[in-house]
Every structure is written in structure tokens, then in C-alpha cells.
Amino acid sequence: MKVGMGYDVHKLVEGRRLILGGVEIPFGRGLLGHSDGDVLLHAICDALLGAAGKGDIGQHFPDTNPEYKDISSLILIEKVKGLTKEYKINNIDSIIIAQEPKLAPYLSKMKENITKVLKIDKSKINIKATTTEGLGSIGRGEGIAAYAMVSLE
């Protein structure tokens, strides 16, 4: 068994859509990034790549490559699935850290999106959301972060 951990954080800015877990969430700001800025999927990508010993998301999809400009992170995670195809996913546990918006209504759709792309049973995916109780840059609403842990066989 192999285990990987992923982390990502992006700044919230005006003029961008907020995409998390491949779900567009109605909110006045979105995450700044070369791709769609989906911190949840980026953290899961890094956890998968880490567990497989295959580097990180920036190594495979550099922000200097125009091919990945504004790309959906659902496409990136599908590519990562291909890079790690020799392994079976045992489980994914993840957490999104955001002061706002409230994410509970969107978690099941996020899980559904990840299930479809990775072609695994939804019982193998867990997504949680929390706040920082107003502490730090995330607590001030400046950004959103995510962590993910993945177990591969």
C-alpha cells in the first residue's frame, strides 16, 4: 500500500468563477489560477501523484504551458488517473478550508464528479469542509485551501 498527501491554496479574486470539485458554486469571487483554480482537485491530483511516486501537479501541468490555461481540473485529474493507472485507489479523504461560502450543499455533487472521472465507487471518497473560525488569510476570506490523502494499492 502507498499513501500520498496533497495540498493546494489559491487566492479569491473578482471576475473568476468559483469551481471546487468540478462544481461551479455561486459566489461573488473565484480562485485565481492558471487552470480553473480548483484547489480540491489539485490537492487530490498531488496526493495521487505523490502516492505513485510521480512528482506533483506542477511538474506534469506547468502554469507556463498555455495548453493548461483555464483548463477544467476534471481534465487534469483524468490525466493523473492515466499517469497512475497501474495502481488501484483504496480511498481518498479530503478537506476544503474556506470561511465562505458554505460548501455543504455542494459536497455530494463534488463527490459524484470525482467518482465519475476516477471510475471508483463513491464509498472510497470522502470530502469535508471547514472554516478557520476567522483566523488567518483564509479566515479573512482571502483564499480557499484543500488537503487530500490518498491510499493506493
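To start, this report covers the structure provided alongside it.

Reading the values: the criteria
Chains are numbered independently. Their residues run from 1 in the order of the written sequence. With pLDDT at 70 or above as the cut-off, local features in this predicted model cover only qualifying residues; side-chain atom pairs require 80 or more to be listed or tallied, and sums for whole chains, interfaces and linings still use all residues. Calculation of side-chain values draws on the structure's entire complement of heavy atoms; hydrogens and water are dropped beforehand. Each helix is a run of H or I in the DSSP string that is no shorter than four residues. Each strand is a run of E no shorter than two, and both are numbered from the N terminus. Contacts are assigned to residue pairs that have any heavy atoms within 4.5 Å of one another. Surface accessibility in these figures is a Shrake-Rupley result with a 1.4 Å probe; residues are shielded only by whichever protein chains are displayed. Only four residue types enter the tally: Lys and Arg on the positive side, Asp and Glu on the negative side, with His and both chain ends excluded. Here the site of a charge means atom NZ of a Lys, CZ of an Arg, CG of an Asp or CD of a Glu. Axes, fitted as lines to C-alpha atoms, cover a helix only where it is in contact. Angles between the N-to-C directions of the axes lie from 0 to 180 degrees. Under this scheme an angle from 65 to 115 degrees is roughly perpendicular, one under 35 degrees roughly parallel, and one over 145 degrees roughly antiparallel; angles in between are oblique. In the sections that follow, a salt bridge refers to a side-chain nitrogen of Lys or Arg positioned within 4 Å of a carboxyl oxygen of Asp or Glu. Each residue gets one of three labels from its accessible area relative to the maximum for its type: buried under 20%, exposed over 50%, partly exposed in between, using a 1.4 Å probe on protein chains only. For two strands to be treated as a pair, DSSP must find no fewer than two bridges joining them. Here, the term nonpolar core denotes a set of buried Ala, Val, Leu, Ile, Met, Phe, Trp, Tyr and Cys residues that are joined through side-chain atoms within 4.5 Å.

Along its length, the chain carries five helices and seven strands. Order of helices (α) and strands (β) in the chain, N terminus to C terminus: β-β-β-β-α-α-α-β-α-β-α-β. Principal-axis analysis of the C-alpha atoms gives the chain an extent of 40 × 35 × 25 Å. Here the contacts in the chain between residues at least 6 apart in sequence split such that 71% fall between residues at least 24 apart. Roughly 7500 Å² of accessible area belongs to the chain as shown, and the carbon and sulfur atoms make up 54% of that amount. Seen as two clouds, the 20 positive and the 19 negative side-chain charges of the chain have centres 5 Å apart.

Axis separation between helix α1 (residues 39-51) and helix α3 (residues 73-83) bottoms out at 10 Å; the angle between their running directions is 10°. Viewed along their axes, α1 and α3 adopt a mutual orientation that is roughly parallel. Taken together, the residues of α3 that come into contact with α1 (itself represented by L41, H42, I44, C45, L48 and L49) are S73, L74, L76, I77, V80 and L83.

With that settled, consider the pattern of salt bridges. As enumerated under the stated definition, the model contains eight salt bridges in all. Here R17 makes a salt bridge to E24, at a shortest N to O gap of 3.0 Å. When its relative accessible area of 53% is taken as the criterion, R17 is described as exposed. Note that E112 is salt-bridged to K109, the shortest N-O span being 3.4 Å. On the criterion of helical spacing, the pair formed by E112 and K109 is a turn pair, its members being three residues apart in helix α4 (residues 107-118).

What follows concerns the sheet that holds strand β4 (residues 30-31). Here we have five strands laid out as an open sheet, ordered β4-β1-β7-β5-β6, and mixed in their pairing. Because the sheet does not close on itself, it has two edges, and the strands there are β4 and β6 (125-130). Where strand β1 (residues 2-13) lies against strand β7 (residues 143-152), 10 bridges are found, and the strand directions are antiparallel. Paired with H10 across the bridge in β7 is I144. Sheet strands in contact with α1 are β1, β4, β5 (89-97), β6 and β7, and its direction is about 155° off that of β1.

As a further point, take the nonpolar core. Counting residues in hydrophobic clusters, the biggest one holds 42 residues, and the most contacted among them are L20, L48, I96, M110 and I144. Of all the secondary structure elements, the ones that give two or more residues to this core are β2 (18-20), β3 (23-25), α1, α3, β5, α4, β6 and β7. Excluding its chain neighbours within four sequence positions, the residues that come into contact with L20 are I25, L31, D38, V39, L40, I96, L103, M110 and I144.

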